[in-house]
Amino acid sequence: MNAPYDGDGGQSPGSDPTGPAPSPATPHGSPPPAPGPEAPSRDAFAHLYSDQRQPYAPQRTQSPAPPSHPGAAAGPLTDPGPPAGEQPTPPQAEPAPTDRQQPQAKRPAGRGGSLMKSSAVMAAGTLVSRLTGFLRQLVITAAIGAALLGDSYTVAMNLPTMIYVLTIGGGLNSVFVPQLIRAMKKDDDGGEAYANRLLTLVMVILGALVAVSALAAPWLIRAMSVPVSENPAANDVAVTFARYCLPTIFFMGVHVVMGQILNARGRFGAMMWTPVLNNIVVIFTFSMFIWIYGTADRSDVGVTTIAPEGLRLLGIGTLLGLTLQALAMLPYLRAAGFTFRPRFDWRGHGLGKAARLAKWTVLFVLANQAGLVVATQLATRAGAEADKLGFPGTGIMGYNNAFLIWQMPQAIITVSVMAALLPRISRSAADGDTAAVRDDISHGLRSSAVAIVPISFAFVALGIPMCTMMFSASGPVAAHSMGYILMAFGLGLIPYSMQYVVLRGFYAYEDTRTPFYNTVIVAMAWGVLSAVSYFVLPARWVVAGIAVSYGLAYAIGVGIAWSRLRRRVGGDLDGAHVVRTYARLVGASIPAALAGGLASLGITRFTGEGTFGSLGALVGGGTVLLCVFYLAAKKMRIEEMTAMVGMVRARLGR
């Protein structure tokens, strides 16, 4: 379930947006501004978001701070603040708001607009990596198809990501990076020695992991997919791919640490753009494969017919992409004034303490990956059975392709909204201002829902022409199969996005234990519902059932998380306002989806179901859906919709 390494602009099937912790760029909560002369900021991440430069005035009387959660993990998410007896210092050199109890009508006018502008800027950077990552997946599917060969490659490609996250990835992001920030601020050398120790330690651990994993590749493939391992030809292909892919574990970790060293020095461009280089290399590699052998629907390349030279080409290209992505960080590091010098004096410098703090994060990731392993086993088994019956595209690669389309709106919209909003939530939680935390969680849910809700219905209405247009090179039957999987995912996007927002509230209070338990519940629900789908549904519909189960599991998870967070902030999460907004958006989306689906079906019958016919159906149906939704939403006077349209018009200069 959890998304492992996302540096390449895509995510593995089952990715969880909640993540083990907020992005390394998540700001620490800081003490409230204090009067007196300007002092250096104690907020290690204060420079990351322009939104932080605007003092936040809570909208209601400040509530008393709730008692600390007994299981809260020690500060991977929130800066502990100044030592006892030391005067707090402001996170920014700006005066504190004078009116701490502004009435509703006197809220700063630019609050929502500032959030949307910050979110739009972050989304633009994410979009480039996501789009190239998605294009990469299109080319991969066109080259090797969505049947057994595609499933074998997908299983092998997921292995290094899973191993990296289970062993070191989650801890790096949630614990070691904040420690790196603190070392940069406190150490006389600006944290350079700590960064060199951390990078050296990570390289040693990852090197050992690569060696062990390469030797254990056959057993790892079996752990991921028994059907693939029991097919001799598929097993040989998967193990060969795995041994080319497993060294990427090393480069994933190195890229993350280098990127966070740069982030700590205020250099963010490299972390954003180097994954695009990886995507370009992989796109070129699989395009060369298509140029030599043809597309999957014409070449008849499978696990028994793929040439050794073809395997080497794809394997080396996959490895080369992440290698270049990591190496491309070196010029940026030199430009930032950092020189890597291996250091093995690890004892006594806080690395052990940081490792202990990562306990709940590691358990969180373990729970997520357990769900992904179950889904992969069931999807590959059902996919192999369906492929024999003449229904390709119903295995783990079909699931992966549909998932990549489905999760993109959440990754671009919800994550960007919360990235801009989380600094304020963290500060409000540190201040004990539960009213402000509640208002911002409500604002994040409603702002993201304006796009997430209609898009989820669009997936249901337009899933088949969307996948037919994108994956036609894998064959019409496979493309249709992936369209049905995307439709099955559809409405699950709503709880999937809501869960991400709600869990940010726990992270703002330094509570990583509650998200862990919540994730265990989601993983168990997904595993049980997926197993039911496997035993109840015909083979060709099992993966669609797993996709529906994924959304239902998140609906259960968000219900439990909402209840716990509501108790945490004093019994009110602005629920009536949130429910009213979602109900209106759903009410506007239903007729829009019906109209868009009917328009798409009519265009398809007229033009045919080929690539261009599907493109016409998608454009025509999407246009109808958007127009009907806008008119219905305007009629219902959805205020968040009005705010978003106003921002877009302002951007366009109208």
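Reading the values: the criteria
Residues numbered from 1 in each chain as written. Predicted model: local features only at pLDDT ≥ 70, side-chain atom pairs only at ≥ 80, totals over all residues. Heavy atoms only, no water. Helix = DSSP H or I, 4+ residues; strand = E, 2+ residues; numbered from the N terminus. Buried < 20%, exposed > 50% of the residue type's maximum accessible area, 1.4 Å probe, protein only. Phe/Tyr/Trp six-rings, centres within 6.5 Å; stacked < 30°, edge-to-face > 60°. Lys NZ or Arg CZ within 6 Å of the ring centre and 35° of its normal. Contact = heavy atoms within 4.5 Å. Core = buried A, V, L, I, M, F, W, Y, C linked by side-chain atoms within 4.5 Å. Salt bridge = Lys/Arg side-chain N within 4 Å of Asp/Glu carboxyl O. Axes fitted to C-alpha atoms, helices over the stretch in contact; angles between N-to-C directions. Parallel < 35°, antiparallel > 145°, perpendicular 65-115°, else oblique. Left-handed = near helix turned anticlockwise from the far one by under 90°. Nonpolar A, V, L, I, M, F, W, Y, C, P; charged D, E, K, R; others polar. Patch = residues over 30% accessible without salt bridge, like charges linked within 9 Å, V, L, I, M, F, W, Y side chains within 5 Å. Areas by Shrake-Rupley, 256 points an atom, 1.4 Å probe, with all protein chains shown as cover. pLDDT = per-residue confidence, 0-100.

**A few points about the overall build of the protein chain**
When its secondary structure is counted, the protein chain shows 22 helices and zero strands. Taking all 654 residues of the protein chain together, 58% fall into the buried category.

**Concerning the packing of aromatic side chains**
Tallying each qualifying case throughout the model produces 20 aromatic pairs. Feature note: the residues Tyr399, Phe403, Trp406, Phe489, Tyr496, Trp526, Tyr550 and Tyr554 constitute an aromatic cluster, connected by ring pairs. We note Arg504 situated over the ring of Tyr500; from NZ or CZ to the ring centre the distance is 4.0 Å.

**Regarding unusual backbone geometry**
Despite not being glycine, Asp574 has its phi angle at roughly 60 degrees, a positive value. Structurally, the position occupied by Asp574 is in the loop between α19 (542-568) and α20 (575-607). Phi angles above zero are rare outside glycine, and Arg637 is one such case at about 55 degrees.

**Regarding the environment of Ile638**
Relative to the helices and strands, Ile638 resides in the loop between α21 (611-636) and α22 (639-652). When the C-alpha positions of Ile638 and Arg580 are compared, they lie 9.4 Å apart, and in sequence the two are 58 residues distant. In contact with Ile638, not counting residues within four places along its chain, are Arg584, Leu585 and Ala633.

**Describing the environment of Val579**
With respect to the element layout, Val579 can be found in helix α20. Residues Val579 and Arg446, spaced 133 residues apart in sequence, show a C-alpha to C-alpha distance of 9.1 Å.

**Concerning the nonpolar core**
Grouped burial of nonpolar side chains is what soluble globular proteins tend to show. Ile144, Phe286, Tyr399, Trp406, Phe489 and Tyr550 are the most contacted members of the largest nonpolar core, which totals 104 residues. Not counting residues up to four positions away in its chain, the partners in contact with Phe286 are Val139, Ile140, Ala143, Ile144, Tyr153, Leu314 and Thr318.

**Regarding the pattern of salt bridges**
Evaluated as defined, the whole model comprises five salt bridges. In this structure, Asp440 engages Arg424 in a salt bridge whose closest nitrogen and oxygen atoms are separated by 3.6 Å. A residue pair is termed long-range when its members are at least 10 positions apart, and Asp440 in helix α15 (residues 434-471) and Arg424 in helix α14 (residues 396-431) qualify at 16 residues. Taken as a pair, Asp440 and Arg424 share a single burial class, namely buried.

**Some remarks on the packing of α15 against helix α16 (residues 476-489)**
It is the contact of α15 with α16, at a shortest axis distance of 7 Å, that shows an interaxial angle of 150 degrees. Judged by the angle between their axes, α15 and α16 are roughly antiparallel. Judged by the sense of rotation from one axis to the other, the crossing of α15 with α16 is right-handed. Residue-level inspection shows Phe459, Val460, Gly463, Ile464, Met466, Cys467, Thr468 and Phe471 of α15 in contact with α16, the latter providing Ala479, His480, Met482, Gly483, Tyr484, Leu486 and Met487. Broken down by class, the residue content of the contact of α15 with α16 amounts to 11 nonpolar, four polar and no charged.

**Side note on the packing of helix α3 (residues 192-215) against helix α4 (residues 217-224)**
For the pair α3 and α4, the least separation of the axes is 5 Å and the interaxial angle reads 75 degrees. With respect to α4, the element α3 is oriented roughly perpendicular. Taken together, the residues of α4 that come into contact with α3 (itself represented by Ser213, Ala214 and Leu215) are Ala217, Pro218, Trp219 and Leu220.

**Digging into a nonpolar patch on the surface**
Side chains of Leu277, Ile316, Leu320, Leu324, Leu327 and Leu330 sit close together on the surface and give an oily, nonpolar patch of about 450 Å² of accessible area. Ranked by residues supplied to the nonpolar patch, first place goes to helix α10 (residues 308-327) with four residues. In this structure, Ile316 sits in helix α10. Of the residues examined, Ile316 reaches a relative accessible area of 46% and is grouped as partly exposed.

**Re the side chain of Thr132**
By the element assignment, Thr132 lies in helix α1 (residues 111-144). The buried category is assigned to Thr132, whose relative accessible area is 18%. When residues no more than four places from it in sequence are discounted, the contact partners of Thr132 are Val276, Asn279 and Ile283.

**Description of the confidence of the model for the protein chain**
Per-residue pLDDT for the protein chain averages 76, and the proportion of residues at 70 or more is 71%. When the elements of the protein chain are averaged for pLDDT, helix α12 (residues 351-357) gives the smallest value, 55, and α19 the largest, 94. For the stretch residues 1-112, pLDDT sits under 50, and the model shows 289 contacts to residues farther than four places along the chain or on other chains. Note on residues 115-122: pLDDT is under 50 here. Beyond four places in sequence and across chains, it has 22 contacts.

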